[in-house]
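Tertiary structure, described
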2 protein chains.
Amino acid sequence: MLFSRCLIPTVKETPQDAVNASHTFLTRGGFIRRVGAGTYDFLPLGFRVLKKVEGIVRAEMNRAGALEILMPALLPAEYFKETGRWDTFGDNLFRLKDRKGSEMHLGPTHEEIVTDIARREIRSYREMPLNLYQIQTKFRDEPRPRGGLLRCREFIMKDAYSFDVSEEAAKASYERMRVAYCNVYDRMGLTYRMVAADSGAMGGSTSAEFQVLAESGEDAIVACDTCDYAANVEVAVVRPPAASTDDATVMEPERVSTPGKKTIEEVSTFLKVKPEAMLKSLVYVGGETTALVVIRGDHEVNEIAVARALGVADVFLATDVDVKKATGTDIGFVGPIGFKGRVLVDRAASQVKNGIAGGNERDVHVKNVNRGRDYDGDVGDFRLAGTGDGCAKCGKGTLTSYKGIEAGHIFILGTHYTAKMGATFLAEDQQKQPIIMGCYGIGVSRLVAATVEQHHDQDGMRWPMSIAPYQVHICTIGKDDAVNQAAKALYDDLEARGIEVLWDDRDERPGVKFKDADLLGIPLRVTIGGKGLAAGNFELKPRSEPDPKKAEMVPVADAARILEERVKSALAGKK
Amino acid sequence: MLFSRCLIPTVKETPQDAVNASHTFLTRGGFIRRVGAGTYDFLPLGFRVLKKVEGIVRAEMNRAGALEILMPALLPAEYFKETGRWDTFGDNLFRLKDRKGSEMHLGPTHEEIVTDIARREIRSYREMPLNLYQIQTKFRDEPRPRGGLLRCREFIMKDAYSFDVSEEAAKASYERMRVAYCNVYDRMGLTYRMVAADSGAMGGSTSAEFQVLAESGEDAIVACDTCDYAANVEVAVVRPPAASTDDATVMEPERVSTPGKKTIEEVSTFLKVKPEAMLKSLVYVGGETTALVVIRGDHEVNEIAVARALGVADVFLATDVDVKKATGTDIGFVGPIGFKGRVLVDRAASQVKNGIAGGNERDVHVKNVNRGRDYDGDVGDFRLAGTGDGCAKCGKGTLTSYKGIEAGHIFILGTHYTAKMGATFLAEDQQKQPIIMGCYGIGVSRLVAATVEQHHDQDGMRWPMSIAPYQVHICTIGKDDAVNQAAKALYDDLEARGIEVLWDDRDERPGVKFKDADLLGIPLRVTIGGKGLAAGNFELKPRSEPDPKKAEMVPVADAARILEERVKSALAGKK
């Protein structure tokens, strides 16, 4: 492809709303353009990367025996109504009415539609295992679309659905998908962790997320330094702290004045104590219940654990008004002493001796608060795991926190959908049974961004060979006929070898071409200039090499062969 | 692929709403399943065909120098509002509001969105010609979705958009697309005509449709038997009839009683005259105007021509009430004599001597009606062309009518969108000019159906090799180990040669397997049974061969090679 004949509108400006590398570089490199909130054009280079990711996902799905199909994106409401998700999906669902007034919506995920296929077409145990997948545009009305392709309202997803005769067979299907997912990320050259995760709105029992590690990720995960345990902090289990050996004398409570000091940081500085000696008390509302959650000052609440303890789907931090009603005081001065209602005490907080808590009165805190004497509640794990926590799995290791981008999620759903929708089969014993289902998602367009988050430097993107928009980037310097002829010969030779080449044939200064080459991030750059050519050489520089002096001279006659070898060995390394 | 491991739910029943072969066979063959009005699942075989059509379209677009991109399907209202199509698209547009109440819609076509790319990214004449295309799911709220994949509310379209510096350059882009379109249909083995067409809601000047000829088509086209003229009847121009040489005496008008005789057929039978001696008078409403259109009894009104004559976008047949108001009588007895308002007289009708027209009174017609004496109006071409009309282009040939399925439409749009949206460029003389645009659509999912309409018999589909879901269909007869081993060996050999094979390994009777093979329509069927195998043979039968006795015996050792040759030569024939 000639640069001058392609549409590669590189720009110097970072988009105003860009907060991460992929949004910045994909836009600056002319890979994507914003159309509306959370919707983007894929321009030619972006589209090529997207198709390559799709190709890897498709190949691994096919290899795992899944069958590709395509379901509609525009759906009658009746299917989601059957399972109740028409209501539970809430504002995340794009809803509309057709010209006849029928209720419809755009598909955010397709469990109901594929279960409808299963209930119509699967009759017998002989027809399973069956795994149907599609690579499709999905729609979710995200409250806060952000990060370019990381969180969109329209995005491309690979969603697969397995159908099995038993839990055991479903586990085998799940395992095949786990392997396929690892293959996908490996082939893309990504560093990732498979972590235990919450099954959330999907229903079902077992589930795992694939997290691409990146500082810009919005998910927090912890991994053990000793065993293979890794989990989203929302569900991470930590080793219970050893029974307290703190034999400090339990002292009498003492009310102290803390004028205007509301946050843990303000109070701990003011009273000269460490945050871990403080008891943070937060009022949560879940359904009809208002509860107080007590955690250590240095910890964060795990809202999923709180919701589970209260037996509700979601909990929310109480508003100022609700806090006042529940405690008689303002946020910042709430404490557990005398709280009327359910109290959840995190295990670590429960062991704090002579802690400091809010005094339930403006500008007052209480010193020497001890559970049992001054307050009590249900003790459990109500905080997010973090660096330094002990690993509950191996009992020895220590957990470390990472940030991750969720790039895949696999579930065993059991009969959650099939039972509701009457998708049954005749088992070998001629008994009707509900089908056991699993579902497996990969964010295809999100993976484009996640790759950039992991593969970039200050100058631009650094594409892994397997999904690079082109494999070789030729920059010609000057307008010399000999240079153009040499470039043309190399270009033709590489194309004949099946290598994908972008030739920057523009009438631009070398500095502009090199800056764009760094920005676009094609793995191998070949520079062809008059001086090198006179010496019989092209200059070869991998994008991954940061030192500009480390460019390599390759003889003109060998260049195509050497480039082909580099491309093929890079691709083979990721298989 | 093993039949038993795939999802190929063949059924005997024709869908209730099926009116054509593709809807019937694609459903019966388990290629598609209905999800809602005008929306379908593509099951594995249907999906494979769809992807092959996509592949051919993509290859020809790339070959023509077009660049693939992907625009969003979910669009903010602002773009269509800029050009006025937010209003003019009417009920055909699926509209919705997001969680913040912003107006959005689903993309039925993407002129505005791609023009937005052009106005943002194209600066100079040097950046053109540029042709951007996408293969994407489109949404239109069709009033009457029907015919399976022929008219859907969600469908897959390839839409390309060219950007040029001048009308002349735009014509060259248009010509490249014309050639690419012909290549697509040729490679798919379709019989089609490129015809002159109405530019309709798209705007612009030049346009042509590609019509796949099929009895079930909903478009009528005419083609000349002498020259290359072909056109949609909506825009077809016919040779004006020679000035009348009918020297019949003009007779006095005579009112006759025609009790209850309303239609042309009823009146012509009752009065024993031919339909061509009758004047059919129809009341049309277009905008504020009510007009009477007079055509010969054997002709049909061309509503596009009527609308054009009245200077409005659309015209509609008047309702019973409006007819009564305009003529004082009921539908069936309307005539031109004394009509107060605009009268449009088709050229052929204007030459009718002593014709029969409605009497503008219930149960009365008038004989011996002559234009000039009894009524008058604007004479022009207001009827649809049909078989037997003279060709206006060559002046010699005769037109014949065909039914067609619109499978592509190419337009030169000029500055219709670019002027409205301010998409300009700096010309060589440094003057700002609007970009000249073209647009080019192919109904990808519709082509799947159109192919079946042309390629089927009473037993099922007959796929052209280039888009067949598989190329070879192996049917094994009986459960003999030797049969299974021979089949396995052939299957593996063919796969190693890159041939796509479906092996019907089910435990079913031969009759069931053959019926399904005919239904699915894979081009080459190989039957492996104990008897043939004992004689060292497989049976080979092309799906296109109707005579079951014409099956060919091929030696086991040569079978894979012969099949590979047949597949490759069939594919080469369509390149």
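Note that the structure is a prediction, hence the values are computed from the model and not measured.

About the thresholds
- Think of each chain on its own: its residues are numbered from 1, step by step along the sequence as written.
- Here chains are named by letter from A upward and ligands by number from 1 upward, in the order in which they appear as written.
- Where local features are concerned, this predicted model is filtered to residues with pLDDT of at least 70; where side-chain atom pairs are given and counted, the filter is 80 or more; whole-chain, interface and lining totals use all residues.
- Secondary structure elements follow DSSP: runs of H or I no shorter than four residues count as helices, runs of E no shorter than two count as strands, and numbering proceeds from the N terminus.
- We call a residue exposed when 12 or fewer other C-beta atoms sit within 10 Å of its C-beta, buried when the count reaches 20 or more, and partly exposed for counts in between; the C-beta positions come from the backbone.
- Contact criterion: two residues are in contact if their C-beta atoms, reconstructed from the backbone, are within 7 Å.
- Domain borders in the structure are assigned automatically or taken from a domain database.
- Charged means Asp, Glu, Lys or Arg here, nonpolar means Ala, Val, Leu, Ile, Met, Phe, Trp, Tyr, Cys or Pro, and polar covers whatever is left, Gly included.
- Paired strands, in this sense, are two strands between which DSSP finds at least two bridges.
- Linking buried Ala, Val, Leu, Ile, Met, Phe, Trp, Tyr and Cys residues through C-beta atoms within 7 Å yields a set, and such a set is a nonpolar core.
- Angles run from 0 to 180 degrees between N-to-C directions of axes, and those axes are lines fitted to C-alpha atoms, restricted for helices to the stretch in contact.
- Angles below 35 degrees are treated as roughly parallel, those above 145 as roughly antiparallel, those between 65 and 115 as roughly perpendicular, and all remaining angles as oblique.
- Crossing handedness is read from the near helix: turned anticlockwise from the far helix by less than a right angle, it gives a left-handed crossing, and turned clockwise, a right-handed one.
- The copies were overlaid by least squares, fitting only the C-alpha atoms of residues that reach a pLDDT of 70 or more in each copy.
- To estimate the expected span of a helix, subtract one from its residue number and multiply by 1.5 Å.
- Taken from the helix axis, the directions to the C-beta atoms give the arc we talk about.

Observations regarding the overall build of chain A
Along chain A, the regular secondary structure elements total 16 helices and 31 strands. If one aligns the C-alpha atoms of chain A with their principal axes, the spans along those axes are about 90 × 70 × 50 Å. Looking at chain A as a whole, 49% of its 575 residues qualify as buried. Pairs at least 24 residues apart make up 72% of the contacts formed inside chain A by residues separated by at least 6 positions.

So, the domain arrangement of chain A
Once the domains are mapped, chain A shows domain 1 (21-188 + 413-453), domain 2 (254-380) and domain 3 (470-573). With centres defined by C-alpha atoms, the gap from domain 2 of chain A to domain 3 of chain A works out at 62 Å.

Quick notes on the interface of chain B and chain A
Facing the 40 residues of chain B at the interface are 41 residues of chain A. Elements supplying a minimum of two residues to the side of chain B that touches chain A: β1 (32-36), β2 (39-42), α2 (44-63), β3 (67-68), β4 (74-76), β5 (95-97), α5 (111-121) and β7 (130-139) of chain B. When its residues are assigned to classes, the side of chain B that touches chain A shows 26 nonpolar, three polar and 11 charged.

Things to note about the environment of Ser-445 of chain B
All names here are of chain B. Mapping Ser-445 onto the fold places it in helix α12 (residues 444-454). Each C-alpha atom, one on Ser-445 and one on Lys-51, is 9.5 Å from the other, the two residues being 394 residues apart in sequence. With near-sequence residues (within four places) excluded, Ser-445 lies in contact with Leu-50, Leu-149, Cys-152, Phe-155 and Ile-156.

So, the pairing of strand β10 (residues 207-213) of chain B
All names here are of chain B. A large share of β10 lies buried, amounting to six of its seven residues. Sheet topology places strand β9 (residues 192-196) next to β10; five bridges connect them, and they run antiparallel. Within β10, the position partnered with Val-195 by the bridge is Glu-209. As paired strands, β10 and strand β21 (residues 399-414) are joined by seven bridges and run antiparallel to one another. What sits directly across from Ala-208, in β21, is Ile-410.

A look at the nonpolar core
Core analysis: the biggest nonpolar cluster contains 275 residues, and Val-53, Leu-132 and Ile-474 of chain A together with Val-53, Leu-132 and Ile-474 of chain B have the highest contact counts within it. With residues near it in sequence (within four places) discarded, Val-53 of chain A still touches Met-188, Val-444, Leu-447, Val-448 and Ile-467 of chain A.

Focus on the sheet that holds strand β14 (residues 279-286) of chain A
Paired through their backbone hydrogen bonds, the strands of a sheet run either parallel or antiparallel. Residue and element names in this part refer to chain A. Taken in spatial order, the five strands make up an open sheet running β16-β14-β15-β17-β20, and their pairing is mixed. Both outer strands of the open sheet, β16 (316-317) and β20 (378-380), are each paired with one neighbouring strand and no more. Alignment of strand β17 (residues 342-346) against β20, held across three bridges, turns out to be parallel. Within the sheet, the bridge partner assigned to Asp-346 lies in β20 and is Gly-380.

A word on the packing of helix α2 (residues 44-63) of chain A against helix α6 (residues 167-187) of chain A
Residues and elements named next belong to chain A. Running from N to C, α2 and α6 cross one another at 150 degrees; their axes reach a closest spacing of 9 Å. Considering their axes alone, α2 and α6 lie roughly antiparallel with respect to each other. Two packed elements cross with a definite hand, and for α2 against α6 that hand is right-handed. Together, Ile-56, Val-57, Glu-60, Met-61 and Arg-63 of α2 and Ala-180, Asn-183, Val-184 and Arg-187 of α6 make up the contact between the two elements.

A short note on unusual backbone geometry
For residues other than glycine, phi is negative in most cases, and the peptide bonds are mostly trans. Between Met-128 of chain A and the following residue, Pro-129 of chain A, the backbone shows a cis peptide bond with an omega angle of 5 degrees. Tracing the sequence through the fold places Pro-129 of chain A in the loop between α5 (111-121) and β7 (130-139). Although it is not a glycine, Lys-272 of chain A adopts a positive phi angle of roughly 55 degrees. Residue placement: Lys-272 of chain A occurs in the loop between α7 (264-271) and β14. Positioned with a positive phi, Asn-360 of chain B is a non-glycine residue whose angle comes to about 55 degrees. Mapped onto the fold, Asn-360 of chain B is located in the loop between β18 (355-358) and β19 (364-369). Exposure remark for Asn-360 of chain B: the 20 C-beta atoms within 10 Å place this residue in the buried category.

With respect to the relation of the copies chain B and chain A
If you rotate chain B by 180 degrees and push it 0.0 Å along the axis, it lands on chain A with an RMSD of 0.1 Å. Here the transformation between the copies is reduced to the relation of a two-fold axis. Minimal C-alpha separation from the rotation axis in chain B is found for Leu-96 of chain B, amounting to 2.6 Å. With an isologous cut-off of 70% or more, the 100% of interface residues of chain B that recur at the interface of chain A puts this contact in the isologous class.

Quick word on helix α13 (residues 481-496) of chain B
Residue and element names in this part refer to chain B. Helix length check: α13, at 16 residues, gives a terminal C-alpha distance of 22 Å against a target of 22 Å (1.5 Å per residue), a fit within 8%. Of all the residues in α13, the buried ones are Ala-486, Ala-487, Leu-490, Tyr-491 and Leu-494. Buried residues of α13, seen end-on, are gathered within an arc of 135 degrees and therefore sit on one face of the element. Residues of α13 that are exposed and point over 90 degrees away from its buried face: Asp-481, Ala-482, Gln-485, Asp-492 and Ala-496. Just beyond α13, the residue with positive phi is Gly-498, at close to 80 degrees.

Some thoughts on the sheet that holds strand β16 (residues 316-317) of chain B
Reading across from one edge, β16-β14-β15-β17-β20 (chain B) is the order of the five strands in this open sheet, with mixed pairing throughout. This sheet does not close on itself; its edge strands, each paired only once, are β16 and β20 (378-380) of chain B.

Topic: the environment of Ala-449 of chain A
Residues and elements named next belong to chain A. When you line up the elements, Ala-449 lands in helix α12 (residues 444-454). In this structure Ala-449 comes out as buried when scored by C-beta crowding, with 28 C-beta atoms within 10 Å. Ala-449 sits 298 residues away from Arg-151 along the chain, and the two C-alpha atoms are 9.7 Å apart. Not counting chain neighbours up to four residues away, the residues in contact with Ala-449 comprise Ser-22, Leu-26, Gly-147, Gly-148, Leu-149 and Leu-150.

Side note on α6 of chain A
Residues and elements named next belong to chain A. Counted at 1.5 Å a residue, the expected span for α6 with its 21 residues is 30 Å, and the 30 Å between its end C-alpha atoms agrees. For α6, every residue scored as buried is listed here: Ala-170, Ser-173, Tyr-174, Arg-176, Met-177, Ala-180, Tyr-181, Val-184, Tyr-185 and Arg-187. Within two residues after α6, Gly-189 carries a phi angle of roughly 70 degrees, on the positive side.

With respect to the packing of helix α1 (residues 21-28) of chain A against α12 of chain A
Residue and element names in this part refer to chain A. Two elements in contact, α1 and α12, have axes separated by 8 Å at closest approach and are oriented at 105 degrees. As the angle between them shows, α1 and α12 are arranged roughly perpendicular. For the pair α1 and α12, contact is made by Ala-21, Ser-22, Phe-25 and Leu-26 and by Ala-449, Val-452 and Glu-453, respectively. Tallied by class, the residues present in the contact of α1 with α12 amount to five nonpolar, one polar and one charged.

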